[in-house]
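Residue-level structure breakdown
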Amino acid sequence: MSTSYHAGDIEVLEGLDPVRRRPGMYTDTASPEHLAWEVIDNSVDEALAGHARTIEVLLHADGSLSVRDDGRGMPVDLHPALKRPGVEVILTTLHAGSKFSDRIYRYAGGLHGVGVSVVNALSRRLEVTVWRDGGEYRMAFAQGETVELLQRAPAARGAGRGTLVRFWPEPRYFASCAFSYERLARLLRAKAVLLSGLEVRIAAEDPPRNDRWRYEEGLGPYLAEALGEAAFRPTPPLVLGVPGERMSLECALAWIDPESAEAARPTESYVNLVPTPLGGTHVSGFRSGVGEAVREFCEVRGLVPRGLKLGTEDIVGSLAYVLSLRLREAEFAGQMKERLTAREAQGATAGALKDAVSLWLHRHPQVGEEIVAGLVRLAQARQQAATTVARKKFSAALALPGKLADCTSRDLESSELFLVEGDSAGGSARQARDRTTQAILALRGKILNTWESRTEEILASNEVRDIAHALGVAPGQPDTRGLRYGKVCILADADSDGAHIATLLLALFLRHFRALVAEGRVYVAQPPLYRIDLGETVAYARDDAERERVLTALAAGAPGRRATITRFKGLGEMNPEQLKLTTIDPATRRLVRLVLPDPEAVRLTEDVFHMMLTRRRSGDRKLWLERRGAEARVEV
C-alpha cells in the first residue's frame, strides 16, 4: 500500500463501472430477480401512463429472461445533448430517465433512474427490440457495452408497437442465476389486479408452463379470494378509492370474524404497483386512519363498554387488506423499493382513509356495529387473558430488574417496553414516556453476542437476564406465555455504535426469543441523527439522505435563508421533549418491525447473521467487508 496520496491517485469510475464494481449497492446479489423487476416495472409504468395493455414475461431455457410490452416503445431518436439514440442512453447511463418529473409519467415505480442500466451492467448479454414509427429497431450489449449498433428494419405486419428486453445475467455477480417462476407469477398477478384491464402473461420454456391474468373487477374479489373460507365483514370486502392530484389510493379491506381468528390474514401494500413487503409510511397512515375512523364511530354510537379501550392494534389486528397507492415522486428505502419512506404519504393516507372509512361506517351503521362487536369480543378476550396471568411474574423466584421503570397498565397489547442504550438515554426516556403504557429498561452498552451461545450460557449475562425478567419470557421458550408487554422496542443511538448494539439485540431476539419475533412484537425505533432549525421551523432527520431532503424542502420554502444543523452525539444528548416527539410518542415516532416473511427470507437473514456474528466465518466476513466496504458511511 502506497503512503503517498496525490490527485493522480483519485480513481474516477465512469459509465456503468460503479455498478460492476459494487453490484450490491444497486441490486440484490442473491439472485437476478430484482433485475427482472426493474425491466418489468418499466413496462408497468407504461401501463400506468395508459399506453400499454399487455405485458409478457418469458423464462427461456438458456437462463435468460425477456419482457415485452405494447407501450410506446423506448425512444430511438438521437438525444439532443449526447447525440446517441435514446434507447442506448437509457441502457448505458446511470440516472438517465424520463421519470424525474411528471411530464412523461405522472406516476412511476421505476423512479430511481438507475434500474434498467443496472440490468445491462450486470448482464452477460442484453438485447433490446423496439417497435415504433413503423419500424423495428434492434440493439445488443455485452457486459454493459454496445456490441451491435441500433439497426432499423421495416416492422412486420401486425407487429404493433412496444419494447422487448431480453437479458442473460452474469453469473459472477449472483449467488444463483435462477429465476423463481412462482415468485414472478405471484407478483405479476398482483400487477394485473392492481391495474384493471391490464393483461399479464408469464411462461417458461423448461419445464413448459404458462399463466395469464386480466382482472376487470379490481381489489375486492382479489381480497375475497385470498381470504378463502374465513368468515369476514363486510361481505364483499369494502373497496375504497380516493383520487388526488399528487396522490391517489385504492384499497380493499375486511375484518376477519373472531371465529375465524386462525385464518390467514392477507396484508398487501403497493406503491405505483411496486410491492412494499416491509410497508412504510403509507401502511402507517392506513392503519392510523382506519383506527381513528373506527374509534370515532364507537364514540358517537357508544359501542365500547366502560373500562375497555380499543387501541389501533385492537382495530387493525384482525384487518385483512390490499392497499394500492399512486404517488408522484415516491421515495423508497433503497433501490430494492421494499419500504416507502415518503413522509407526505403518512399524513395524506391517514386523512384520506379516516374520512372514507368513517363515511362508510356511518352510512352502514348495522354492518359497522357488527364489526365493532367482533373487535370488542377480541379485545375483551385479550384483556381477560392478560389479567389471568400476573404481569409481575417471570418466575416465582425472580424479581424484576432494578433498572426497569415499569408502566402501570396491565393490558398486554397497549403496553410497550423500550430497551434503551445507556443510563443517560434511559433517564431522558423515562421522562419522555407515557407512564401508563410505556416501560423503560436501560442497558449498559453492548450486550453479549448471543448468536452462537446456548440458552443456559446467555442467562449468565446480567443484561440478557434483565431483559428476560422484564419480558416475563424465558430464552428459548416456544411461546409467549407470560409476556408482559405487547411491543418490545429497541432504542439505540442513530450512529454506527447504536447500529451495532441494535444488531446484537436483534440477534438475541431472533435466536433466543423467536416466538416474539414470529408474533411481530419486536421493533427497532428510529431516532434522528440531526436537528435542523430554520427560523421558527424545526425538523429532524434520521440520516444524511433525509437531512439533504429536509434542507432542500426548507430552502424551497425560504430561499436565501441558512439553516442551522445540530448533530446529536447520542440519545442522552436529546432532552425529554425532543426524544418524546421524535422517537417515543406513537403519534410521531417511526418504528421498524422485525418480521419473518417467508422461509427463504428467514434463511437469507440467518445466513447474514451467521456470517457477521460467528467466529468460524471470519474469512467470509472479511471478503464481504472488502466487497461492500464502500457502502459504509463515514460519520464526523
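Remember, it's a predicted structure, so these values are computed and weren't measured experimentally.

**Some details on the overall build of the chain**
A count of helical and extended segments in the chain gives 19 helices and 22 strands. Looking at the chain residue by residue over its 636 residues, the buried ones come to 49%. In the chain, once contacts between residues fewer than 6 apart in sequence are set aside, the share between residues at least 24 apart is 68%. When the accessible surface of the chain is split by element, carbon and sulfur atoms take 51% of a total near 30300 Å².

**Details of the sheet that holds strand 9 (residues 232–242)**
If you trace the five strands from one edge of the open sheet to the other, you get 9-10-13-11-12, paired in mixed fashion. Because the sheet does not close on itself, it has two edges, and the strands there are strand 9 and strand 12 (274–275). Where strand 9 and strand 10 (residues 247–256) come together, seven bridges link them in antiparallel fashion. Each bridged residue has a counterpart across the sheet, and for L238 the counterpart in strand 10 is L253.

**Details of the sheet that holds strand 20 (residues 537–541)**
An order of 20-19-21 is seen for the three strands of this open sheet, with the pairing classed as antiparallel. Strands at the two margins of the open sheet, each flanked by one partner only, are strand 20 and strand 21 (564–567). For this sheet, the mean inter-axis angle between neighbouring strands, taken without regard to orientation, is 20 degrees. Of the strand pairs in this sheet, strand 19 (residues 530–534) and strand 21 are connected by four bridges, and their pairing is antiparallel.

**A closer look at the pattern of salt bridges**
Enumeration according to the criterion identifies 34 salt bridges in this entry. The residue E199 makes a salt bridge to R212 at a minimum N-O spacing of 3.0 Å. Of the two residues, E199 is situated in strand 7 (residues 199–205) and R212 in strand 8 (residues 208–214); the sequence distance between them amounts to 13 residues. In this structure E199 comes out as buried when scored by relative accessible area, which is 10%. Ionic contacts of the salt-bridge type, sharing partners, join the residues E56, E199, R201 and R212 into one network.

**Quick look at the confidence of the model for the chain**
Caution applies to low-pLDDT parts of the model: their predicted coordinates are not meant to be read in detail. Summarising the model, the chain shows a mean pLDDT of 83, and 88% of its residues fall at 70 or more. Scored below 50 in pLDDT, residues 98–113 shows 53 contacts in the model against residues more than four places distant or in partner chains. Confidence over residues 386–397 falls short of pLDDT 50; this stretch has 21 contacts with residues more than four positions distant or in other chains.

**A word on unusual backbone geometry**
With an omega of -10 degrees, the peptide bond running from R233 to P234 counts as cis. Relative to the elements of secondary structure, P234 occurs in strand 9. Note that the residue after T235, namely P236, is joined by a cis bond; omega there is -5 degrees. Looking at the secondary structure, you find P236 in strand 9.

**Thoughts on the packing of aromatic side chains**
Aromatic rings in a pair are described by how distant their centres are and how their planes are angled relative to each other. Overall, the coordinates contain five aromatic pairs when judged by the stated rule. For the ring pair F509 and F513, a centre distance of 5.6 Å and an interplane angle of 50 degrees mean the geometry is tilted. The two residues F509 and F513 agree in class, both being buried. Note on Y540 and F568: the rings are 6.4 Å apart at their centroids and 15 degrees apart in plane angle, and the pair reads as stacked. Taken as a pair, Y540 in strand 20 and F568 in the loop between strand 21 and helix 17 (576–584) lie far apart in primary sequence, 28 residues in all. Judged by relative accessible area, which is 16%, Y540 ranks as buried. For F568, a relative accessible area of 6% gives the class buried. For R511, the ring lying beneath its charged end belongs to W451, and the centroid distance is 4.4 Å. One Lys or Arg, R547, reaches over the ring of Y530 and ends 4.7 Å from the middle of that ring.

Calculation criteria
Residues numbered from 1 in each chain as written. Predicted model: local features only at pLDDT ≥ 70, side-chain atom pairs only at ≥ 80, totals over all residues. Heavy atoms only, no water. Helix = DSSP H or I, 4+ residues; strand = E, 2+ residues; numbered from the N terminus. Buried < 20%, exposed > 50% of the residue type's maximum accessible area, 1.4 Å probe, protein only. Contact = heavy atoms within 4.5 Å. Areas by Shrake-Rupley, 256 points an atom, 1.4 Å probe, with all protein chains shown as cover. Pairing = 2+ DSSP bridges. Axes fitted to C-alpha atoms, helices over the stretch in contact; angles between N-to-C directions. Salt bridge = Lys/Arg side-chain N within 4 Å of Asp/Glu carboxyl O. pLDDT = per-residue confidence, 0-100. Phe/Tyr/Trp six-rings, centres within 6.5 Å; stacked < 30°, edge-to-face > 60°. Lys NZ or Arg CZ within 6 Å of the ring centre and 35° of its normal.

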